[in-house]
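As a plain string of letters, each chain reads:
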Amino acid sequence: MKLENPWKQNPWFESVAVAQQRARRRLPAPVYGALVAGSERGQSVRDNTTAFTELGLAPHVAGHQAKREQATTVLGQQITLPVIISPTGVQAVHPDGEVAVARAAAARGTVMGLSNFASKSVEEVTATGAPTFFQMYWTGDRDVMIQRMQRAHAAGAVGLIATLDWSFSMGRDWGSPEIPERVDLKAMIRLAPAVATKPRWLAQFGREYRRTGRLPDLTTPNLAPPGGAAPTFFGAYYEWMTTTPPTWEDVAWMREQWSQMSGRPFMLKGVCRIDDALRAVDAGVDGISVSNHGGNNLDGTPAPIRALHPVAGRVGHQVDVLMDGGVRRGSDVVKALALGAKAVMIGRAYLWGLAANGQAGVENVLDIMRGGIDSALLALGRPSVHDLTPEDVILPPGFTHGLDDPPS
Ligand SMILES: Cc1cc2nc3c(=O)[nH]c(=O)nc-3n(C[C@H](O)[C@H](O)[C@H](O)COP(=O)(O)O)c2cc1C
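Only a predicted model underlies this, so the values are computations on that prediction, with no experimental measurement involved. (Residues numbered from 1 in each chain as written. Predicted model: local features only at pLDDT ≥ 70, side-chain atom pairs only at ≥ 80, totals over all residues. Heavy atoms only, no water.)

A closer look at the overall build of the protein chain
- Of regular secondary structure, the protein chain possesses 14 helices and 12 strands.
- In the protein chain, which comprises 408 residues, the share counted as buried stands at 52%.
- The contacts in the protein chain between residues at least 6 apart in sequence include a share of 73% that link residues at least 24 apart.
- When the accessible surface of the protein chain is totalled, it reaches about 18,000 Å², and 54% of it is carbon and sulfur.
- When the 40 positive and 39 negative side-chain charges of the protein chain are each reduced to one mean point, those points stand 9 Å apart. (Helix = DSSP H or I, 4+ residues; strand = E, 2+ residues; numbered from the N terminus. Buried < 20%, exposed > 50% of the residue type's maximum accessible area, 1.4 Å probe, protein only. Contact = heavy atoms within 4.5 Å. Areas by Shrake-Rupley, 256 points an atom, 1.4 Å probe, with all protein chains shown as cover. Lys, Arg positive; Asp, Glu negative; His and termini not counted. Charge placed at Lys NZ, Arg CZ, Asp CG, Glu CD.)

Some words on the sheet that holds strand β4 (residues 83-85)
- Taking strand neighbours across the sheet as the criterion, the 8 strands line up as β4-β11-β10-β9-β8-β7-β6-β5 in an open arrangement whose pairing is parallel. The sheet is open, and its two edges are formed by β4 and β5 (112-115), each paired on a single side. Strand-to-strand twist across the sheet, computed as the mean angle between neighbouring axes with direction ignored, equals 30°.
- Alignment of strand β9 (residues 287-291) against strand β10 (residues 320-324), held across 5 bridges, turns out to be parallel. Paired with Val290 across the two strands is Met323, which belongs to β10. (Pairing = 2+ DSSP bridges. Axes fitted to C-alpha atoms, helices over the stretch in contact; angles between N-to-C directions.)

Digging into the environment of Pro246
- Take Pro246: it is sitting in the loop between α9 (233-241) and α10 (248-262).
- Among the residues examined, Pro246 registers a relative accessible area of 30% and is labelled partly exposed.
- Separated by 229 residues in sequence, Pro246 and Ala17 place their C-alpha atoms 37 Å apart.
- In this view, Pro246 contacts Trp138 and Leu164; residues no more than four positions away in its chain are not counted.

Some points on the site of the ligand
- Around the ligand, the structure places 22 residues, and the nearest of them are Pro87, Ser115, Tyr137, Thr163 and Asp324.
- At 2.8 Å from an oxygen atom of the ligand is found a side-chain nitrogen or oxygen belonging to Ser86.
- Out of a free accessible area of 590 Å², the ligand has 94% covered by protein chains.
- Taken together, the residues of the shell around the ligand sort by class into 5 nonpolar, 13 polar and 4 charged. (Near = heavy atom within 4 Å. Polar contact = N/O pair within 3.5 Å; in protein donor to acceptor, adjacent residues only side chain to side chain. Nonpolar A, V, L, I, M, F, W, Y, C, P; charged D, E, K, R; others polar.)

Quick word on the nonpolar core
- The biggest cluster of nonpolar side chains holds 100 residues, and the ones touching the most others in it are Ile288, Ile305, Leu308, Met323 and Met369.
- Examining the composition of this core, we find that 16 residues originate from one element, helix α14 (residues 348-380), more than from any other.
- Excluding its chain neighbours within four sequence positions, the residues that come into contact with Ile288 are Met267, Leu268, Val271, Ala277, Ala280, Val311, Val315, Asp320, Val321 and Leu322.
- One finds Val111, Ile161, Leu322 and Met345 within the second-largest nonpolar core, a separate group that totals 12 residues. (Core = buried A, V, L, I, M, F, W, Y, C linked by side-chain atoms within 4.5 Å.)

Observations concerning helix α2 (residues 29-36)
- Buried within α2 we find Pro30, Val31, Tyr32 and Leu35.
- Two residues or fewer after α2 comes Ala37, characterised by a positive phi angle close to 45°.

Digging into the environment of Pro28
- Counting through the fold element by element, Pro28 comes out in the loop between α1 (16-26) and α2.
- Between the C-alpha atoms of Pro28 and Thr72, which are 44 residues apart in sequence, the distance is 38 Å.
- Discounting chain neighbours no more than four positions away, the residues touching Pro28 are Ala194, Val195, Lys198 and Trp201.

Re the pattern of salt bridges
- For the structure on display, the rule yields 13 salt bridges.
- Notably, a salt bridge pairs Arg255 with Glu256, separated by 2.9 Å at the nearest N-O pair.
- What makes Glu256 partly exposed here is its relative accessible area of 31%.
- One salt bridge in this structure joins Asp276 and Arg279, with 3.1 Å as the shortest N-O distance. Taken together, the residues span about one helical turn, with Asp276 and Arg279 both in helix α11 (residues 274-282) at a distance of 3 residues.
- In this structure Arg279 comes out as partly exposed when scored by relative accessible area, which is 38%. (Salt bridge = Lys/Arg side-chain N within 4 Å of Asp/Glu carboxyl O.)

Describing the packing of helix α13 (residues 330-338) against α14
- Interhelical geometry of α13 versus α14 gives an angle of 60° and a closest axis separation of 6 Å. Accordingly, the angle class assigned to the pair α13 and α14 is oblique. Our pair here, α13 against α14, has a crossing hand that is right-handed. On the side of α13, the interface is formed by Gly330, Ser331, Val333 and Val334, while α14 contributes Ile368, Met369, Gly372, Ile373, Ala376 and Leu380.
- Here the contact of α13 with α14 is built from residues that sort into 7 nonpolar, 3 polar and no charged. (Parallel < 35°, antiparallel > 145°, perpendicular 65-115°, else oblique. Left-handed = near helix turned anticlockwise from the far one by under 90°.)

With respect to unusual backbone geometry
- With a phi close to 45°, Ala37 is a non-glycine residue in the positive phi region.
- By the element assignment, Ala37 lies in the loop between α2 and α3 (43-54).
- A residue is classified by how much of its surface remains accessible, and Ala37, at 5% relative accessible area, is buried.
- At His293, a position not held by glycine, the phi torsion is positive, near 60°.

Points about the packing of aromatic side chains
- On inspection of all chains with the given rule, the structure shows 12 aromatic pairs.
- With a centroid separation of 5.5 Å and 75° between ring planes, the pair formed by Phe117 and Tyr137 is classed as edge-to-face. Residue Phe117 is found in the loop between β5 and α5 (122-126), and its partner Tyr137 is found in the loop between β6 (132-136) and α6 (142-155); the two are separated by 20 residues along the sequence.
- Phe117 gets classed as buried once you look at its relative accessible area, which sits at 4%. (Phe/Tyr/Trp six-rings, centres within 6.5 Å; stacked < 30°, edge-to-face > 60°.)

Below is the structure:
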């Protein structure tokens, strides 16, 4: 008779918070710290989740709908729930990295957002069958950017996300985790104390090492020149820091290049004010994400959920308005949809799932979102995500922090 280990943890988790607790236990401190991230005093990263707690929901006691629908489209892609994967560089969280995330997205019928700083190539990710939006920063010269777009298009990316809100903010009051330039012997010895206490994480990478003979190398394969080696994370960051920041004409140029070569849609990520949303529409974008980069950027930027209703009210009839930042449960998604988002993007939520249980953990997170959306729709008496309105949400006075009117 096979004895079951009574202490073995059920790999399934019931909430994103539980996935985060498991990720914290499982990951070496510097890796966990890089995911928690935030910047400066952490005001924005905190506000991203706090703002959701300031919003209430106004359910009905009867008149509920027996059938509830979550399917929608984002930038022309059919998705089975209004949640897509936001691009993140998930270096060193799990050996399968973005490939595991993309498989989970495909399995649950949604879109994969792939960062240009990702640890897996766009070809490996699109090969999973997940509809993929490739994300680019404004880095390198124009020829280099065109070459990277062409590569993503050739690999089958079905949309481009330009993330332009990064401002190279420096320093965190709680200290930044060490990220080695290369995973060589010197770095391994230095990081050994943080890693030695994380046997499950080590075992995963050990299995990968035995299979491929490779350690996580912290390089960025999607930024490799044709036929050349992938730059290290720091090499890529240096190129980015030394690139002249984009103008609105550059945004229009990027959109035009992508549109001409692919005929596919273009999204601008990082909008948090009405005037920028209007300029983005003028630049010809097909969608925007109201976002503050997960609070990792200029600290003091309000939570995107505060800016969402003002922004969606102005441009939601012209372009797809998404939001990302602080989404941890299905009811957060419902609040965002009620305030005008077509869908949301999630970042840390799926990273915790990936760390806790690989591909199945990301699927688990998407299932938590789906279940939570369904339960909120039921309580609100709405037959579909398309029927949500601001009346479903209890909005406290001052919630938008003055973001309602475009500055004159
Ligand atoms: C560890 C980490 C890495 C990220 N890397 C990228 C990136 O490479 N490109 C990008 O557009 N956004 C990046 N983001 C921001 C996410 O796409 C997204 O805007 C943010 O995580 C949303 O907030 P949430 O984590 O609270 O869901 C990153 C976020 C985190 C936490």
